[in-house]
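Descriptive structure summary
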Amino acid sequence: MSIIKILPESLINQIAAGEVVERPASAVKELVENSIDSGATEIIVEIKDAGKTFIKISDNGCGMSAEDLELALQRHATSKISDETDLWKIKTMGFRGEALASIASVSKLIIRSKSAEDLAGIEIQTDGGELRMKQELGMKNGTQVEVYNLFFNTPARQKYLKQDSTELNHITTTLNAIALGNPGLAFKLVHNEKIVFELAKSSDLISRIADIFGRSTAEAMLPIFYGGSSFQIEGFIGKPLLSRSTSQHQYFFVNRRHIQQYLLANTIKTAFHSMLMENKKPVFILNITIDPALIDVNVHPQKMEVRFREGSALFRFVLQALEQHLAKTPWAAHTQYPEPYTGTSASPQGTQGWPLRE
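A short tour of the structure in this document, coming up. Throughout this description, residue numbers start from 1 for each chain and increase along the sequence as written. Thresholds applied to this predicted model are a pLDDT of at least 70 for local features of residues and 80 or more for the giving and counting of side-chain atom pairs; totals over whole chains, interfaces and linings are not thresholded and use all residues. Heavy atoms from the whole structure form the basis of all side-chain values; hydrogens and water molecules are not counted.

Quick notes on helix α6 (residues 164-181)
Using the following cut-off: Under the scheme used here, helices are H or I runs from DSSP no shorter than 4 residues and strands are E runs no shorter than 2 residues, and both carry numbers assigned from the N terminus. To estimate how far a helix should extend, the number of its residues minus one is multiplied by 1.5 Å. Buried residues are those whose accessible area, probed at 1.4 Å on protein chains only, stays under 20% of the maximum for their type, while exposed residues exceed 50% and partly exposed ones sit between those limits.
Along its 18 residues, α6 runs 26 Å from first to last C-alpha, staying within 8% of the 26 Å computed at 1.5 Å per residue. Taken together, the buried positions of α6 are E167, L168, I171, T172, T174, L175, N176, A177, I178, A179, L180 and G181.

Describing the sheet that holds strand β1 (residues 42-48)
Selection criterion: Two strands are said to pair when DSSP picks up at least two bridges between them. Interaxial angles span 0 to 180 degrees and are taken between N-to-C directions of axes, which are lines fitted to C-alpha atoms, for helices over the stretch in contact. Residue contacts are counted whenever heavy atoms from the two residues lie within 4.5 Å of one another.
Pairing within the open sheet is mixed, and its 8 strands lie in the order β5-β4-β3-β6-β2-β1-β7-β8. Both outer strands of the open sheet, β5 (130-137) and β8 (194-199), are each paired with one neighbouring strand and no more. Averaged over neighbouring strand pairs, the angle between their axes works out to 10 degrees when direction is ignored. As judged from the 6 bridges shared by β1 and strand β2 (residues 54-59), these two strands associate in the antiparallel manner. Bridged to V45 within β2 is I57. Contacting β1, β7 (186-191) and β8, α6 runs over the sheet at an angle of about 175 degrees to β7.

Section: the nonpolar core
Across soluble globular proteins, nonpolar side chains have a tendency to be buried as a group. Put simply, the test is: Put simply, a nonpolar core is a bunch of buried Ala, Val, Leu, Ile, Met, Phe, Trp, Tyr and Cys residues held in one set by side-chain atoms that sit within 4.5 Å of each other.
By size, the foremost hydrophobic cluster in this structure holds 56 residues, and its most contacted members are V32, V45, L109 and I209. Sorting elements by how many residues they give to this core places α6 first, with 7 residues. For L109, the residues in contact, after removing those within four places along its chain, are L73, L100, I103, A104, I124, Q125, T126, V145, E146 and V147.

A closer look at the pairing of strand β10 (residues 231-238)
Judged by how many residues are buried, β10 sits mostly within the fold: 8 of 8 residues are covered. Strand direction decides the pairing type here: strand β9 (residues 221-227) and β10, joined by 7 bridges, are antiparallel. If you follow P223 over to β10, its bridge partner there is F236.

Notes on the pairing of β7
Residues in a regular strand point their side chains to alternate faces of the sheet. Counting buried positions over the 6 residues of β7 gives 5, a clear majority of the element. Sheet topology places β1 next to β7; 6 bridges connect them, and they run parallel. Residue I47 lies in a different strand from β7, and its bridge partner there is H191. Looking at chain direction, β7 and β8 are connected through 5 bridges and run antiparallel. In the sheet register, L189 faces β8, and the bridge partner there is F197. In textbook terms, the turn of a hairpin is the stretch between consecutive antiparallel strands, and for β7 and β8 this stretch comprises 2 residues, one of which, N192, has a positive phi near 50 degrees.

A look at unusual backbone geometry
At A50, a residue that is not glycine, the phi angle is positive and equals roughly 55 degrees. Note on placement: A50 falls in the loop between β1 and β2. With a phi close to 70 degrees, F151 is a non-glycine residue in the positive phi region. Here F151 falls in the buried class, since its relative accessible area comes to 0%.

Written out as structure tokens, the structure reads:
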């Protein structure tokens, strides 16, 4: 008798949820990224009990038809890719089609959506991934997702959640990162019916930095733009006086996708040479623009890491870009720098999505 079994779809989705949805902040991240991919310009996040009992994401994006909405709740259903070659030119925040199905499998979920082409919206309710109700309703164009009692059917996952203040901090940190990567979008976070923050659309990154971290922090940031044939880096780096003992205020984006990249963080610290006090880390918010074909974004379940096809060249590029800019600052008066690199062209202008203010 065979001991190998094919797992039921419900269990497969719960296993996937364990990789994709680690905590409420993970669900918020995935749903907000879906809103960004839908073309939304305004995104509202409402949560209760730090997202443990209730999460609602509302956007004014393109919405979905009744047919697409039902398909979207199935695992590996996506509009972002269609064949293997698409994996090497990902330009969207999401692409696997796992998140919505995974979240639905470990919660009681209601999703409502309406596209501009439809006269009415559609609402679908699920319980642990099982369809419970489908109906038409009146609503504005866009999508609303409500997640109730996350991990209600996986109590082993619930017990690993931290106290509300910790989980709320994870959500706030996640949304701050997304907001810094998308300054042209408006964001609002409401916790237990109280506004945590509200960010209006911004025409430039430095204004978004001021909105999140304060005007004094924004004034202590140095704009950087460095463009080459293969890579482009832009954003802001903090003066040495802003340095921190942790990496909490270090933000890396690759094609606007927020990532964790410790080697790049160490590369930037190296560029400061002796400007920083011992055990201090620089503050920075930087976006690397690169051909999607040169990165693999499919290496981490939560899309928090990417693999660079030309990693060594990129690290050298970042180091040279930072050294060139820092060498011109008054803080570098007593710092010995190597000869400026001249292999790429520098430009004072930003690019779409990351405009810099002079």
